[in-house]
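# Descriptive structure summary
Here is how the chains run, residue by residue.
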Amino acid sequence: MTDREREVERQIERMRLGSVDFVGEAELRVRLSEALGGGRPLRVKLGMDPSAPDLHLGHTVALEKLRIFQELGHTPIFLIGDFTARIGDPTGKKKTRPALDEAAVRENAQTYVDQVSRVLDIARAEIRFNSEWIGRLAPTDFVRLCSKYTLARMLERDDFAKRYREETPISIHELLYPLVQAYDSVALEADVELGGTDQLFNLLVGREIQKDYGQRPQAVITQPLLVGLDGHDKMSKSLGNTIGITEDAAEAFGKVMSIPDASTLDWVKTLGFGAWDELAERIASAASAPMDQKRELATRIVARLHGEAAAAAASEHFRRVVQEGGRPAEIPQRTIEVAPGGEVGLLDILRTAFELASNGEARRLVTQGAVQLDEKTERDPMRRLRQGIYIVKAGRRRFVRVEIRGFPEG
């Protein structure tokens, strides 16, 4: 076996690690050998739609695979689907998704680059938006694209087939989604496309469309879906079972510690890509206590997103605040100004101090007994507070020192 053949095998093995589907492996070996022989590096595509402003830990599974390709010397392409987000990915949906307006998509997309930089070396990656080429397609180009695939094949897709059998409406624009995603691979001349297992149909359409446009078909590599904090459903913003990529390190650590014991091994295997195999073996053999296993997992996850120092601080915070019931070493401060002699409602304080979305969310925390004022549980959502300084706790881990003071004179 030549040195190049050995390197091909080494890289293929790293690409396969932690993956579920690997379609087009034989074709990819040929292209990989060409790249190692002096040809251009592989172009590896991962697309995500900015349908929400925050990426979460589940997204890092595919991002970590993209980073592996980057480490192997290939070109990672993180594609922000600012056009496809306005169509709405129908994957796994039981009904038509409401379309997002352009402003919302643009606002969400602005946050993605910073979040992705937590995993990927952005300076050595291509960051692209599919409106670059889709927005320039003429109507005749769209007709040509649609002619490349039949309705019968589109209805082979599980979610479409189920909705069709149940006579649940399928809008025509939803059928465009896999085609537009496939055309992205044409525009980018992708050699590999990554995605979750739920994206397999869309990724395979890309292979077919590339052939129709005279390109060699991309290899398709899928990763398992990360189970959410509840231990049942996949991690999803809509289900509220996520850990955000940019979420506070201490909060992220605490959330990992909250997952069911039975999910720990799945998380290690899904997020570790073989690098955490020794932890997986210890968990499988019950060589350590479940709490210790989760603590080590939480430390590794937080270190990956925030660095070693932040992970150590988050671990100490969890021990002191959650396990021992104490206060954190540092408590953020908020100031709320009122008219002289005035008061402010508890719900307003919670919404401001903890950046809650609504009074309703604040009210739920109070009625659930999750709010403390100076270490005393507060259950009256109508409570009003005078000027002064209060230590406010919400949930098990969040503390804020709130100063209520009068408007400055003059």
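On a predicted model such as this, the values are computed, not experimentally measured, just so you know. (Residues numbered from 1 in each chain as written. Predicted model: local features only at pLDDT ≥ 70, side-chain atom pairs only at ≥ 80, totals over all residues. Heavy atoms only, no water.)

So, about the nonpolar core. Nonpolar side chains tend to gather and get buried jointly when the protein is soluble and globular. One finds Met15, Leu57, Trp267 and Ile301 to be the most contacted residues of the largest nonpolar core, which totals 61 residues. Those residues in contact with Met15 that lie beyond four places of it in its chain are Phe22, Leu28, Leu32, Leu42, Lys65, Phe69, Leu72, His74 and Ile221. Grouped together as the second largest cluster of nonpolar side chains are 23 residues, Ile349, Leu350, Val366 and Val402 included. (Core = buried A, V, L, I, M, F, W, Y, C linked by side-chain atoms within 4.5 Å. Buried < 20%, exposed > 50% of the residue type's maximum accessible area, 1.4 Å probe, protein only. Contact = heavy atoms within 4.5 Å.)

Moving on, we get to the packing of aromatic side chains. Enumeration according to the criterion identifies two aromatic pairs in this entry. Between the aromatic rings of Tyr183 and Tyr213, the centroid separation amounts to 5.6 Å while the plane-to-plane angle is 75°, which identifies the pairing as edge-to-face. Placement of the pair is Tyr183 in helix H10 (residues 172-188) and Tyr213 in the loop between helix H11 (200-212) and strand E6 (219-223), with a sequence separation of 30 residues. The residues Tyr183 and Tyr213 share a single accessibility class, namely buried. Taking 5.8 Å as the distance between ring centres and 50° as the angle between the ring planes, the aromatic pair formed by Phe253 and Phe318 counts as tilted. Of the two residues, Phe253 sits in helix H12 (residues 249-257) while Phe318 sits in helix H16 (residues 308-323), which places them 65 residues apart along the sequence. We classify Phe253 as buried; its relative accessible area is 0%. The class for Phe318 is buried, based on a relative accessible area of 6%. (Phe/Tyr/Trp six-rings, centres within 6.5 Å; stacked < 30°, edge-to-face > 60°. Helix = DSSP H or I, 4+ residues; strand = E, 2+ residues; numbered from the N terminus.)

Contact pair helix H1 (residues 3-16) / helix H2 (residues 25-36): the axes reach a minimum separation of 10 Å and the direction vectors enclose 130°. Taken together, the axis directions place H1 and H2 in an arrangement best described as oblique. Two packed elements cross with a definite hand, and for H1 against H2 that hand is right-handed. Together, Arg4, Glu7, Val8, Glu9, Gln11, Ile12, Met15 and Arg16 of H1 and Glu25, Leu28, Arg29, Leu32, Ser33 and Leu36 of H2 make up the contact between the two elements. (Axes fitted to C-alpha atoms, helices over the stretch in contact; angles between N-to-C directions. Parallel < 35°, antiparallel > 145°, perpendicular 65-115°, else oblique. Left-handed = near helix turned anticlockwise from the far one by under 90°.)

All right, on to the pattern of salt bridges then. Using the criterion set out here, one finds 35 salt bridges in the structure. Between Asp261 and Lys294 there is a salt bridge, with its nearest N and O atoms 2.9 Å apart. Linking Asp261 in the loop between H12 and helix H13 (264-272) with Lys294 in helix H15 (residues 290-306), this pair joins segments that are 33 residues apart in sequence. By relative accessible area, which is 45% here, Asp261 ends up partly exposed. (Salt bridge = Lys/Arg side-chain N within 4 Å of Asp/Glu carboxyl O.)

This part covers the side chain of Arg207. With respect to the helices and strands, the residue Arg207 is situated in helix H11. Here Arg207 falls in the buried class, since its relative accessible area comes to 10%. Leave out the neighbours within four places in its chain, and Arg207 touches Val23, Gly24, Glu27, Pro217, Gln218, Ala219 and Val220.

Time to look at helix H5 (residues 102-116). Side chains three or four residues apart in an α-helix point the same way, a direct result of the helix having 3.6 residues per turn. An ideal rise of 1.5 Å per residue puts 21 Å on 15 residues; H5 measures up with 21 Å between its terminal C-alpha atoms. Among all positions of H5, only Val105, Asn108, Ala109, Tyr112, Gln115 and Val116 are buried. End-on view of H5: buried residues confined to an arc of 120°, all on one side of the axis. Structural note: H5 exposes Glu107 and Gln110 on the side pointing more than 90 degrees away from its buried face. In the core, the buried residues of H5 are packed alongside strand E2 (43-48), helix H3 (60-71), strand E3 (75-80), helix H4 (84-87) and strand E4 (126-129). (Expected span 1.5 Å × (residues − 1). Arc of directions from axis to C-beta.)

This paragraph deals with the pairing of E6. Of all five residues that make up E6, five are buried, and the element is covered over most of its length. Burial along E6 is two-sided: the residues Ala219, Ile221 and Gln223 and Val220 and Thr222 are all buried. In this structure, strand E1 (residues 22-23) lies alongside E6, joined through two bridges in antiparallel fashion. Residue pairing in the sheet places Val23 in a bridge with Val220 of E6. Sheet analysis places strand E5 (residues 192-196) next to E6, joined by five bridges and oriented parallel. (Pairing = 2+ DSSP bridges.)

Glancing now at the environment of Ser117. Tracing the backbone through its elements, the reader meets Ser117 in the loop between H5 and E4. On the basis of relative accessibility, which here comes to 36%, the residue Ser117 falls in the partly exposed class. Along the sequence, Ser117 and Ala161 sit 44 residues apart, while their C-alpha atoms lie 38 Å from each other.

Turning our eyes to something else, we now look at the sheet that holds strand E7 (residues 333-338). Taking strand neighbours across the sheet as the criterion, the five strands line up as E7-E13-E12-E9-E10 in an open arrangement whose pairing is mixed. Whereas interior strands pair on both sides, the edge strands pair on one side only; in this sheet they are E7 and strand E10 (376-377). One ladder, built from six bridges, connects E7 with strand E13 (residues 398-406); its direction is parallel. Along E13, the bridge assignment pairs Arg334 with Val402.

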